[in-house]
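# Understanding the architecture of this molecule
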Amino acid sequence: MEADINIAEKGVESALPARRTRVLVVGAGGFAGGFIVAEALKRGFDVWAGVRESTSRQWLDDPHINFVVFDFDRPETMADTLRGALPEGERWDYIVYNLGATKVMRYADFSRINYDYLRHFTSALHNTGMIPEKLLYVSSLSAVGPGDERGYTPFTEEMIPRPNTRYGASKLKAELWLATAGIPYIIFRATGIYGPRDRDYFLMFESMAKGFDFSVGYRRQELSFIYVEDLARAIFDALAKAPTGEVYNVAEPRGYTQKEFRHLAMKEMGKRFVMPVRMPLWAVKAVSAVAEKWGVARMKPSTLNRDKFNIMKQRNWLVDVDKARRAFGFSPKVHLAEGVHKSILWYKENGWLK
């Protein structure tokens, strides 16, 4: 009789559908965040989008998305917010932490947003017992600082970080916090992320559409890129396959010059000529300082500022991605030519570019 009951119970259990993988994307409202959420949905995951009350949900309109609204400036509310998002005793399998600021009005805000918010969030995970199987943190190559500016040796994960920007320093602080936070983590150091809906690279395309391509400095500059959908795919490949406690560089595994980038954009925009304008470093530095002060006066962060100048003047952004390739089969599908095509097509179709 007891054996019959056990068999019956096993039959009921086997008839129940398997629980789908649960993913929380923190910083889902940003440019890359919407693509990360879309990739998670594409893979059949149950997805929660972590946003702020003021976050636009324009690109988060899929009815299958669950929302968690955080108030990062009130860390005392964080634990209750997490508890209220799932049934008691349950947790997310994976968390993608994509929240961060790339431009601010006050430099102290880099540390507050890029470091303190992460620290409060991970502490709340401990307080609630909701530590995931893996947490992937989207950092930046700027956390490393300048590389080989003469021989153009590609960046590797073994390089000792020496960030020369407040933005990069805040990202490195966050990485170091994760290493001691008692959470199984993976860190992505991403290079320049571009694609449809991005506003930073759009400014470059917009300038070229008007006939000008501005660049900084006279020495050769090697640029690297990663298309936003490739980044999203890599995130979930790493969560599925990569060991924790590791840092990975993610980029298309080749470099491009500004001239190559300009010619690709010209082709997609149907322009026969764009005037390349090289600005000396001293002039860009002066303009950056003025733009920064003007942004403060308008109470709006400026895209061009003294911190960004240190990033722009860097000559070498080449990246070695062998570690990511070995760990989780990283292989970007969209090379720059196709990515520029997809981006400019989207900008045109949505009225950003005329």
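You'll find the structure just up there.
Presented here is an overview of the structure given in this document. (Residues numbered from 1 in each chain as written. Predicted model: local features only at pLDDT ≥ 70, side-chain atom pairs only at ≥ 80, totals over all residues. Heavy atoms only, no water.)

### Looking at the overall build of the protein
The cut-off we apply is this: Numbering of helices and strands runs from the N terminus, with a helix taken as a DSSP run of H or I at least four residues long and a strand as a DSSP run of E at least two residues long. Each radius of gyration is computed over the set of C-alpha atoms, and the globule rule expresses the reference value as 2.2 Å times the number of residues to the power 0.38. Only heavy atoms enter the contact rule, under which two residues are in contact if any of them lie within 4.5 Å.
Per the secondary structure count, the protein includes 12 helices and 11 strands. Relative to the 2.2 N^0.38 estimate, which gives 20 Å for 354 residues, the radius of gyration of the protein is 22 Å and therefore close to what a compact globule would have. Dimensions of the protein along its principal axes, counting C-alpha atoms only, are 85 × 40 × 40 Å. When contacts within the protein are restricted to residue pairs at least 6 apart in sequence, those whose partners lie at least 24 apart make up 79%.

### Focus: the pattern of salt bridges
Test applied: Salt bridge criterion: a side-chain nitrogen from Lys or Arg within 4 Å of a carboxyl oxygen from Asp or Glu. Burial classes follow relative accessibility: with a 1.4 Å probe on protein chains only, a residue under 20% of its type's maximum area counts as buried, one over 50% as exposed, and anything between as partly exposed.
Enumeration according to the criterion identifies 20 salt bridges in this entry. Taking the shortest distance from any N to any O, the salt bridge between D73 and R112 comes out at 2.8 Å. Here D73, found in the loop between β3 (66–69) and α3 (78–85), pairs with R112, found in helix α4 (residues 108–128); they are 39 residues apart in sequence, far enough to count as distant. The partly exposed category is assigned to D73, whose relative accessible area is 49%. In the salt-bridge network here, residues are joined through shared partners; they are E39, K42, R43 and D237.

### A word on helix α2 (residues 31–42)
The criterion, for reference: Between the first and last residue of a helix there are one fewer steps than residues, each counted as 1.5 Å, and that sum is the expected span.
Its 12 residues give α2 an end-to-end C-alpha distance of 18 Å, which sits within 8% of 16 Å, the value for a rise of 1.5 Å per residue. Its buried side turned inward, α2 meets β1 (22–26), β2 (46–51), β4 (94–97) and α7 (228–241). Positive phi shows up at G44, right after α2, with a value of about 80°.

### So, unusual backbone geometry
With a phi angle near 60°, Y152 is a residue other than glycine that sits in the positive phi range. Mapped onto the elements of the fold, Y152 is located in the loop between β5 (134–140) and α5 (166–180). In this structure, R197 takes a positive phi of about 85° despite not being glycine. Within the secondary structure, R197 sits in the loop between β7 (192–194) and α6 (200–209).

### Overview of the side chain of R197
Keep this limit in mind: Working convention for charge: Lys and Arg count positive, Asp and Glu count negative, and His plus the chain ends are omitted.
No salt bridge is formed by the buried R197; its nearest oppositely charged neighbour, E229, is found at 7.4 Å. Those residues in contact with R197, other than ones at most four positions away along the chain, are F31, G34, F35, W59, W346, Y347 and W352.

### Observations concerning the packing of α2 against α7
Two numbers describe a pair of packed helices, the interaxial angle and the distance between the axes. Rules: Convention adopted: a line fitted to C-alpha atoms gives each axis, helices being fitted over their contacting stretch, and angles between N-to-C directions are expressed from 0 to 180 degrees. When an angle is under 35 degrees it counts as roughly parallel; over 145 it counts as roughly antiparallel; between 65 and 115 it counts as roughly perpendicular; any other value is oblique. A crossing counts as left-handed when the near helix is turned anticlockwise from the far one by less than a right angle, and as right-handed when that turn is clockwise. Classification convention: Asp, Glu, Lys, Arg as charged; Ala, Val, Leu, Ile, Met, Phe, Trp, Tyr, Cys, Pro as nonpolar; all other residues, Gly among them, as polar.
Relative orientation of the contacting elements α2 and α7 amounts to 55°, with a least axis distance of 9 Å. Taken together, α2 and α7 sit at an angle that is classed as oblique. Here the hand of the crossing between α2 and α7 comes out right-handed. Across the interface between the two elements, F31, A32, F35, I36, E39 and A40 of α2 pack against V228, E229, L231, A232, R233, I235 and F236 of α7. In the contact of α2 with α7, the residues fall into 10 nonpolar, no polar and 3 charged.

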